[in-house]
Amino acid sequence: MVKDKQNAVEVNNVTKSFKVFLDKGKTLKELALFSRRRRYENRVVLKNISFSIKKGETVALIGHNGCGKSTTLKMLTKIMYPDSGTIEMNGRVSSLIELGAGFHPDMSGRENIYINASIFGLTRKEIDARMGDIIRFSELEDFIDNPVRTYSSGMYMRLAFAVAINVDADILLIDEILAVGDANFQAKCFEKMRELKGSGVTIVIVTHDSNTVKSFCDRAIWINDGSIVEDGPAVETVDKYLAYMNETLMNALGNTSPADRDASSHYGNKKAEIISCDLLNSEKQAVNALRSDEKYYLRIHYKVNDPSATFIFGMGIYTLDQFWVFGTNNLITGKPLSLFDEGIVEFESEPLNLLQGHYILQCSIVEDNQTPCDFYSDYCHFLVVNNVKEAGIIHYETNWKSLPMKGEETAHE
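Scoring rules and cut-offs
- Residues numbered from 1 in each chain as written.
- Predicted model: local features only at pLDDT ≥ 70, side-chain atom pairs only at ≥ 80, totals over all residues.
- Heavy atoms only, no water.
- Pairing = 2+ DSSP bridges.
- Helix = DSSP H or I, 4+ residues; strand = E, 2+ residues; numbered from the N terminus.
- Axes fitted to C-alpha atoms, helices over the stretch in contact; angles between N-to-C directions.
- Contact = heavy atoms within 4.5 Å.
- Parallel < 35°, antiparallel > 145°, perpendicular 65-115°, else oblique.
- Left-handed = near helix turned anticlockwise from the far one by under 90°.
- Nonpolar A, V, L, I, M, F, W, Y, C, P; charged D, E, K, R; others polar.
- Buried < 20%, exposed > 50% of the residue type's maximum accessible area, 1.4 Å probe, protein only.

1. Things to note about the sheet that holds strand β3 (residues 58-62)
Reasoning step 1: Pairing is mixed in the open sheet, where six strands are placed in the order β5-β6-β7-β3-β8-β9. Bordering the open sheet on either side are β5 (93-96) and β9 (227-233), each of which pairs with just one other strand. For this sheet the average axis-to-axis angle between neighbouring strands, irrespective of direction, equals 15 degrees.
Reasoning step 2: The sheet contact formed by β3 and strand β7 (residues 202-206) spans four bridges and is parallel. Bridging from a neighbouring strand, Ala60 pairs with Ile205 of β7.
Reasoning step 3: Helix α5 (residues 153-164) contacts β5 and β6 (171-175) of the sheet and is inclined by roughly 165 degrees relative to β5.
Reasoning step 4: Packed on one face of the sheet, helix α6 (residues 183-198) meets β3, β6 and β7 and runs near 140 degrees to β7.

Below, the structure is given as structure tokens:
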């Protein structure tokens, strides 16, 4: 029983683990003769987590793959049960956990509606009353009496979602299922979810789409390695999670040392040398991943070996297939530099406004006659993080609006 009547969900000190068998015999003979094959490790997926969700709240569970968020959602639906702790749900629960879960492949779409809706607690009479709405929302009128084994994955999703949102649930649980299906149907689903949210339905969603979390959810619960790291307003929690992912990506990508680089990508007369080149985020932390909407810096640690020469510092960004995205130097920007025997040159830039992807950083020192002193055409690779769904390389703000034809301005007044 839920202790606080204002709460739709209460999770108290829940722990969940799984036995991961290293090599498990499949037949009775193998089990009898090769008992050592049944060795396993006990993997703890969730570690004593607790949280509550108020009625009408929309909450996202976020975190990297394998952190325990989907396991949490499955325990909320009672597909799984915790090893210890309690989970209390206050109201009728509808869920979209796995695509077409509970569908019988040899039965028709219509027959599966009856089966699936009855699992959610509807009577035959209630299902009959909702049948038309379910079929219309799924847009499967021409296929509803065909066996669902003939359906595509998108058609499965349409039918499953149409059933789940038409059972008058108090709590709706969704696990990344909206990644399937065409763009129009995804938009239709989100519009319906906004409608359900507005009507007071409690929604718990697992997704990797940070834009969806920021724009649609009230709260976000960040789970990492089975523990809750952050539980708070959606925008703030997502930003903390992305900062963590940036740091993780920095460690995973790593910069290759100058000694390991291809000789053809590094050359020059060494009148001046690049000791190191660091890419910094808006907080001036060295990273290998940048958000597309944040200012960034390039910090070049240099050493001058010939004080009589004049030097120009440059940088460039390429795609992995060598398409030039951007390049500049201090001469182009009209910034002559007073140099030391050894020092640091810092380049500051407004946001990249690039779409998500991996890019190559070029950095260089050349003489004023363009003779290379220390030129890295491929100093390191870095990642740009951007959750927009546009195509191409560059992102910039746009706006769509509808305008009447000339002479029709007063037709709708």
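2. Re the sheet that holds strand β2 (residues 40-54)
Reasoning step 1: Taken together, three strands build an open sheet; the order of strands is β2-β1-β4 and the sheet is antiparallel. The sheet is open, and its two edges are formed by β2 and β4 (84-89), each paired on a single side. Averaged over all neighbouring strand pairs, the angle between strand axes comes to 25 degrees, with direction disregarded.

3. Quick word on the packing of helix α4 (residues 124-138) against α5
Reasoning step 1: Across the interface, α4 lies against α5 with an axial gap of 8 Å and an inter-helix angle of 140 degrees. Regarding the angle of α4 to α5, the classification is oblique. Crossing hand, α4 versus α5: right-handed. Along its contact with α4, which presents Ile134, Phe137 and Ser138, the element α5 presents Arg158, Leu159, Phe161, Ala162 and Val163.
Reasoning step 2: Counted by class, the contact of α4 with α5 contains six nonpolar, one polar and one charged residues.

4. Some details on unusual backbone geometry
For residues besides glycine, phi is generally negative; the peptide bonds are generally trans as well.
Reasoning step 1: A positive phi angle is found at Asn353, which is not glycine, with a value near 55 degrees.
Reasoning step 2: Residue placement: Asn353 occurs in the loop between β16 (342-349) and β17 (357-367).
Reasoning step 3: Residue class for Asn353 comes out partly exposed when judged on its relative accessible area of 31%.
Reasoning step 4: In this model, Gln370 sits at a positive phi of 75 degrees, which is unusual for a non-glycine residue.
Reasoning step 5: With respect to the secondary-structure elements, Gln370 resides in the loop between β17 and β18 (372-385).

On their own, these measurements won't tell you what the molecule is for.
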